[in-house]
Structures are given as structure tokens and as C-alpha cells.
Amino acid sequence: MVRTGQRSRESAGSVEERSRLSITIIARDEEDRLPDALSSVAFADEVIVVVDQASTDRTEEIATEFGAKVVVRRFEGFGDQKNVAQDAARGPWILSLDADEIVSPGLAVEIRARLLELAKEEDGAPGVIAFRIPILLEFLGRPLRFGRDTIVRPVRLYHRDHARFSRDPIHEKVLVRGKLDAFDESIFHHSYRDLTHYLEKLNLYTTLAAESKQSAGRSGPRFLSLRVAWEFIDRAFLRLRSEER
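Cut-offs and rules
Residues numbered from 1 in each chain as written. Predicted model: local features only at pLDDT ≥ 70, side-chain atom pairs only at ≥ 80, totals over all residues. Heavy atoms only, no water. Helix = DSSP H or I, 4+ residues; strand = E, 2+ residues; numbered from the N terminus. Buried < 20%, exposed > 50% of the residue type's maximum accessible area, 1.4 Å probe, protein only. Contact = heavy atoms within 4.5 Å. Areas by Shrake-Rupley, 256 points an atom, 1.4 Å probe, with all protein chains shown as cover. Pairing = 2+ DSSP bridges. Salt bridge = Lys/Arg side-chain N within 4 Å of Asp/Glu carboxyl O. Axes fitted to C-alpha atoms, helices over the stretch in contact; angles between N-to-C directions. Phe/Tyr/Trp six-rings, centres within 6.5 Å; stacked < 30°, edge-to-face > 60°.

Observations regarding the overall build of the protein
Assigned secondary structure in the protein consists of 8 helices and 14 strands. Out of the 245 residues in the protein, the part that is buried amounts to 46%. Counted over contacts in the protein with a minimum sequence separation of 6, partners at least 24 positions apart contribute 74%. Taken as a whole, the protein presents about 12,800 Å² of accessible surface, with 52% of it coming from carbon and sulfur.

The structure is reproduced here in C-alpha cells:
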């Protein structure tokens, strides 16, 4: 059910105001990849970058140079970090990205056209309030062509009055109260710089997953070392093809 206050706020303002888009990005030590992410979202009305205060490189400076609004805070889990980014944004529509993701030109055009179309609806009803977006994953510089995770379609663009990230420290997701739609064009996910970075991220994610389970009174992941080894073999050898995109 849509609250009266929400409905009146959505129907108020000009078409331009109702279609305003804010990009939210969370980042830590991303000086090498953040410029590409920021360049790909130059079409947006506003960019918010939430920087982990543990960053030691030029992430904050680079975000500022691109004209983004920067919030520096201690990392307390992916869900909380992304909600802080949403709270700092001013647009009614939020597109949540990671610093290693790039919005394709086709997706930029598709988003703008769809938000404008929704903004022109005059009945004040919420209609579509969130969108799934295909994300194409690369591993160690090459695209994964088959198997799980090759293309995922999470909710990434949503209306702030009807959706918010779960507070999960890892595997956070957008909780939507309303109608979903999907885009055809994609986000490119350049996930790992090299093997060392892959292992560092895997270690972080498994640690956060174990802490989350322990806080919920469950045991942590079993056979962790075997799981890590299998994940690498699966991605590095079984599911890669050498063709360039």
C-alpha cells in the first residue's frame, strides 16, 4: 500500500524533477577503477560516492574531481553502506553501482527514456518502482561466457520511496514494495584486478558471511579452504573463454 504522503510527493513537481536520477557508488581503494565507473554515469543528475574511511589511495579525491558528492564513513557492511548512499541522494530514482561496474551507453539511453516515460504519468499511481538490470561478469580480464554468475539480473534501479537495501553485511539486496520491470541493456562488472585481488575479496566475503551466521546463532562455512580452491578452479579454468567481448 502506498502512503498518501508518498503518492502526493511522487505526483508533485515537474516531469524533470520526477525523472531525476541519482547514482550511488560505494568504494574503498578504487582509484584505478572509479574513473571508468564515474565516466559511464555522466548522464545522471547526481552522483554520490560513499568512501570507506579505511581507504588509503586517491578514491575520495578522484570522486571529488568528477563532481560527485562524497561521504566518508567507517564500513559497517555492504547493506548499511548502500543505504547511507541512498540517504545522501536527492533524486527520486536511485541507481546503485559498485566502483568496478560500468554502465553501458545503451543502458544509459534506456534508463533515461524509461524514467522520462514514467514521469509523464499523471495519475499519481506508483506504477513500476524498480528495475532489474543484466550484469555481465568478467573474471581476470575475460568475460564468463557460460555457467552460473555469467549474467545476473538483480534490482539496481529503484524509486527511493518504495525500496531500500537490506541491512545484510554481505549478499545485500534491494527490498522492493511494488511492481518490477527489467532493462535489456547491461552493466559491465570488472570484478577482479588480478589473482591476488580475487583472493582478497573472497577472504573478505567469506569472513563477513561467517560473522553474519555467527551473529544469527549458526555455524560458519565448513570446509572453507576447499571451497576457496574450487571457486578459483571453477572460474579460472572451467567457465572462461578467451574470446574478447
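The discussion continues.
So, the pairing of strand 1 (residues 21-27)
Across the 7 residues that make up strand 1, a large majority, 7, are buried. Residues Leu21, Ile23, Ile25 and Ala27 line one face of strand 1 and the alternating positions Ser22, Thr24 and Ile26 line the opposite face, and both faces are buried. Inspection of the sheet shows strand 1 paired to strand 4 (residues 93-98) by 6 bridges, in the parallel sense. By the bridge assignment for strand 4, Thr24 is matched with Ser96. Direction of pairing for strand 1 relative to strand 2 (residues 46-52): parallel, over a ladder of 6 bridges. By the bridge assignment, Ala27 is partnered in strand 2 with Val51.

Here's the deal with the pattern of salt bridges
Counted under the stated rule, the structure contains 17 salt bridges. A salt bridge links Arg58 to Glu65; the nearest nitrogen and oxygen atoms lie 3.2 Å apart. A salt bridge links Asp181 to Arg114, with the shortest nitrogen-to-oxygen separation between them at 3.1 Å. On the criterion of sequence distance, the pair formed by Asp181 in strand 13 (residues 179-182) and Arg114 in helix 6 (residues 105-119) is long-range, its members being 67 residues apart. A residue is classified by how much of its surface remains accessible, and Asp181, at 31% relative accessible area, is partly exposed. On the accessibility criterion, Arg114 (19% relative accessible area) is buried.

What to know about unusual backbone geometry
Phi angles above zero are rare outside glycine, and Asp29 is one such case at about 50 degrees. Tracing the sequence through the fold places Asp29 in the loop between strand 1 and helix 3 (34-40). The phi angle at His171 is positive, at roughly 55 degrees, despite the residue not being glycine. Here His171 falls in the exposed class, since its relative accessible area comes to 63%.

Some words on the sheet that holds strand 13
Pairing is mixed across the open sheet formed by 7 strands, whose spatial order is 3-2-1-4-10-6-13. Looking at the sheet topology across the chains shown, the edges are occupied by strand 3 (69-73) and strand 13. Averaged over all pairs of adjacent strands, the angle between strand axes in this sheet comes to 25 degrees, irrespective of strand direction. The sheet strands contacting helix 5 (residues 78-88) are strand 1, strand 2, strand 3, strand 4 and strand 10 (155-159), and the helix crosses strand 2 at an angle near 145 degrees. Sheet strands in contact with helix 6 are strand 1, strand 4, strand 6 (128-132), strand 10 and strand 13, and its direction is about 165 degrees off that of strand 6.

Brief notes about the packing of aromatic side chains
Counted under the stated rule, the structure contains 4 aromatic pairs. For the pair Tyr158 and Phe165, a centre-to-centre distance of 6.1 Å together with 80 degrees between the ring planes defines the contact as edge-to-face. As far as the burial class goes, Tyr158 and Phe165 line up, both buried. Clustering of aromatic rings is evident, with ring pairs tying together Trp93, Phe131 and Phe183.

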